[in-house]
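Chain residues, written in single-letter form:
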Amino acid sequence: MTAATRLAPYASMPGRSRGRLYPEPESPTRTAFQRDRDRIIHSTAFRRLQYKTQVFVYHEGDHYRTRLTHSLEVSQIARSICRRLGLDEDLAEALALAHDLGHTPFGHAGEDALAAVMRPHGGFDHNAHGLRLVTALERRYAGFDGLNLTWETLEGIAKHNGPLGGDAPDAIKAYVARHDLELHTWPGPEAQVAALADDIAYNSHDLDDGLRAGLFTAADLADVPLVGPILRAVLRDHPGLERMRLANETVRRLIGLMIDDLLAETQVRLAAAAPASVEAVRALGRPVVGHGADLGREAGTLKSFLFEHMYRHERVKRMTERAHEVVKGLFSRYLSEPGLLPAEWGAAIEGTSDAAAVARLVADYIAGMTDRYALDEHARIYGDGS
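Remarks on the overall build of the chain
Along the chain, the regular secondary structure elements total 18 helices and 0 strands. Counting only C-alpha atoms, the chain reaches 60 × 50 × 40 Å along its principal axes. Each of the 386 residues in the chain was classed as buried or not, and the buried ones make up 54%. Considering only contacts within the chain whose residues lie at least 6 apart along the sequence, 72% involve residues at least 24 apart. Carbon and sulfur atoms make up 52% of the accessible area of the chain, which amounts to about 16,900 Å² in all. Counting 45 positive and 53 negative side-chain charges, the chain places the averaged centre of each group 2 Å from the other.

This is how it looks when you write it as structure tokens:
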């Protein structure tokens, strides 16, 4: 049985892909989307995710999520959802594994700092940088820069959270000028699944990490929608359960609840829209994958709780301040002294007279750093022993 006969009519069909910017012979053993997934896994940017953090800097402990473990968890959730909906699991997996490639060191704190220093030069957006990585900055292949991914995978990376209008980041606009990704439409259903799988993983696993780190307790969650009822049910089923088992069981049930809600709501939307093809999904003008209204509101309340009790926690704020200092310090010195950069980066800057292009090259280099490399570089340049 071929992959196409197992897929729903509205799925992305690998045999009908719109192809790659640079034409290549098809593989006799893998679909186009499987090749995309494999190229992402073998990329330098993917390996670096091992030492890029979600919330905690890499040396805080071995049990907290990194961008790599988070991406693997998103991939598992996305594949499970696609299997139930008859969508292409390989495309969803490729998008899940690629969705964080463009993140800077130190999580969102690093991105905020880089966005601030790049504001006069076109800004910085991790999603746009991820597209730059897979279309230009990865240099593994003899015939082209980037990974030469399929149109469908690039579409899903660019339209990570839906259609992009005139306010699309400059890096995305620059690429679309030569390879139209149809920014005005919603992406295919696999991309929509991957985006929501990211939300499911992010909320549940930040909850887990926050409990592990002692930033809040199970008692603090008693009145939080979604989580509070699950906690009470776990304690009813397992009285006296130890702290970490309680956290793990709660997170496990939370993920299951959110996936079940997404499947139920998406099946309702699919039945109402009855799309006969992936193009019909794109033409709907609204997402076909989503949560029900009640869970959407409750998930928003959970996000607010995490923001207040985790991301604004004094311990995390201290790391955020240090991340800003490191990223801004590196950017300032590299911009004024390109000789501090590796030879190939310095040479690229020496051959560039446009100030915005120079700043973009510096931002590209910093964005590619892992947490520990950024700290080591700051210590080397400033002699601060950080």
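Quick word on unusual backbone geometry
Phi at Glu-182 takes a positive value of approximately 55°, unusual for a residue other than glycine. By the secondary structure assignment, Glu-182 is in the loop between helix H9 (170-176) and helix H10 (189-213). The backbone phi angle of Leu-226 is positive, close to 75°, even though this residue is not glycine. As for its placement among the helices and strands, Leu-226 is situated in the loop between H10 and helix H11 (227-237). For Leu-226, a relative accessible area of 5% gives the class buried.

Digging into helix H15 (residues 314-336)
Helical periodicity: at 3.6 residues per turn, an α-helix aligns residues three or four positions apart in one direction. The end-to-end C-alpha distance of H15, which contains 23 residues, comes to 33 Å, matching closely the 33 Å that a straight helix rising 1.5 Å per residue would cover. Turning to H15, its buried residues number three or more, namely Val-316, Met-319, Ala-323, Val-326, Val-327, Gly-329, Leu-330, Phe-331 and Tyr-334.

Considering H10
Given a rise of 1.5 Å per residue, 25 residues ought to cover 36 Å, and the 36 Å separating the end C-alpha atoms of H10 matches this to within 8%. With 23 of its 25 residues buried, H10 lies for the most part within the structure.

Some remarks on the environment of Thr-217
Looking at where Thr-217 falls in the secondary structure, it is placed in the loop between H10 and H11. For Thr-217, a relative accessible area of 41% puts it in the partly exposed group. In this structure the C-alpha to C-alpha distance between Thr-217 and Arg-243, which are 26 residues apart in sequence, comes to 9.1 Å.

Looking at the pattern of salt bridges
Considering all chains together, one arrives at 31 salt bridges under this definition. A salt bridge links Arg-39 to Glu-24; its shortest N-O distance comes to 2.8 Å. Of the two residues, Arg-39 sits in helix H2 (residues 32-41) while Glu-24 sits in the loop between helix H1 (3-6) and H2, which places them 15 residues apart along the sequence. Of the residues examined, Arg-39 reaches a relative accessible area of 8% and is grouped as buried. Here Arg-132 and Asp-364 are joined by a salt bridge, their closest N and O atoms 2.2 Å apart. You can see Arg-132 sitting in helix H7 (residues 126-137) and its partner Asp-364 sitting in helix H17 (residues 355-367), a full 232 residues away along the chain. Taken together, the salt bridges that share partners define one network made up of Arg-30, Arg-37, Asp-38, Arg-79, Arg-83, Glu-89, Asp-90 and Glu-93.

The rules behind these values
- By convention here, each chain's residues receive numbers from 1 onward along its written sequence.
- Side-chain atom pairs in this predicted model are given and counted only at pLDDT of 80 or more, local residue features only at pLDDT of at least 70, and totals for whole chains, interfaces and linings cover all residues.
- Each side-chain value is worked out from all heavy atoms of the structure, with water and hydrogens disregarded.
- Counting from the N terminus, the helices are DSSP H or I runs at least four residues long and the strands are E runs at least two residues long.
- Only protein chains enter the accessibility calculation, which uses a 1.4 Å probe; a residue is then buried when its area is under 20% of its type maximum, exposed when over 50%, and partly exposed in between.
- The contact definition used throughout considers only heavy atoms, calling two residues in contact when any of these lie within 4.5 Å.
- Accessible surface is estimated by sampling points in the Shrake-Rupley manner with a 1.4 Å probe; for residues, cover comes only from the protein chains shown.
- The charge count treats Lys and Arg as positive and Asp and Glu as negative. His and the chain ends do not count.
- Where a charge lies is defined by one atom per residue type, namely NZ (Lys), CZ (Arg), CG (Asp) and CD (Glu).
- Take the residue count of a helix, subtract one, and multiply by 1.5 Å to get its expected span.
- In the sections that follow, a salt bridge refers to a side-chain nitrogen of Lys or Arg positioned within 4 Å of a carboxyl oxygen of Asp or Glu.

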